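What follows is the residue order along each chain.
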Amino acid sequence: MSVPASNIASTPLRRLALHSTTTCAAQASSYGKCILKTYTDVRKDACKEEFAKFGACLRTAVSTRSQSFIHIQLRYT
């Protein structure tokens, strides 16, 4: 049984969404927990380390599994 083409993460955005909820779930959870912990006291770079780990995971997951080697650049703002 094969997977229908419409269910395969074939576009960059679909790959990003897939990996942000599966491959990088632990890093996403850590970043989300940091945001929840600090949302009442907003400071620049409060969750910078968690965001960097999440971004690195996504870049690695998407680039190593994609056939077009798309570079996704996430910026912490």
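Structural data are supplied above this passage.
Owing to the predicted nature of the structure, the values given are computational and were not obtained by experimental measurement.

With that settled, consider the overall build of the chain. Counting its regular elements, the chain contains three helices and zero strands. Listed by position from the N terminus, the elements making up the chain come as α-α-α. For the chain, with 77 residues in total, the buried portion stands at 19%. When the accessible area of the chain is evaluated, it comes to approximately 5,800 Å², of which 58% is carbon and sulfur surface.

Attention now goes to unusual backbone geometry. With a phi angle near 65°, Asp45 is a residue other than glycine that sits in the positive phi range. Positionally, Asp45 belongs in the loop between α2 (25–38) and α3 (48–65). Taking the relative accessible area as the measure of exposure, Asp45 reaches 33% and is therefore partly exposed.

The next point concerns the state of the cysteines. This model, assessed by the stated rule, comprises two disulfides. The disulfide that involves Cys24 links it to Cys57, with 2.0 Å between the sulfurs. Between Cys24 and Cys57 the sulfur-sulfur dihedral comes to about -90°; the bridge is accordingly left-handed. In this pair, Cys24 sits in the loop between α1 (12–21) and α2 while Cys57 sits in helix α3, placing the two residues 33 residues apart along the sequence. Here the disulfide map of the chain reads 1-4, 2-3, the bonded cysteines being numbered as they appear in the sequence.

Scanning the model with the defined rule gives two aromatic pairs in all. With a centroid separation of 6.4 Å and 20° between ring planes, the pair formed by Tyr31 and Phe54 is classed as stacked. You can see Tyr31 sitting in helix α2 and its partner Phe54 sitting in helix α3, a full 23 residues away along the chain. An aromatic cluster of at least three residues, connected via ring pairs, comprises Tyr31, Phe51 and Phe54.

Rules used throughout
- Along each chain, residues carry numbers from 1 onward, in the same order as the chain's sequence is written.
- Local features in a predicted model are, by the rule used here, given only for residues with pLDDT of at least 70; side-chain atom pairs are given and counted only at 80 or more, and totals for whole chains, interfaces and linings are based on all residues.
- Working from all heavy atoms in the structure, the side-chain values ignore hydrogens and water.
- Numbering of helices and strands runs from the N terminus; a helix is a DSSP stretch of H or I covering at least four residues, while a strand is a stretch of E covering at least two.
- Only protein chains enter the calculation, and the probe is 1.4 Å; a residue is then buried if its accessible area is under 20% of its type maximum, exposed if over 50%, and partly exposed in between.
- Computed by Shrake-Rupley with a 1.4 Å probe, the accessible areas treat only the displayed protein chains as cover when residues are assessed.
- Here, two cysteine sulfur atoms that lie within 2.5 Å of each other are counted as a disulfide.
- Here a Phe, Tyr or Trp ring, Trp counted by its six-membered ring, pairs with any other such ring whose centre lies within 6.5 Å, and the pair is stacked when the planes are under 30 degrees apart, edge-to-face when over 60, and tilted otherwise.

Structural measurements only, silent on function.
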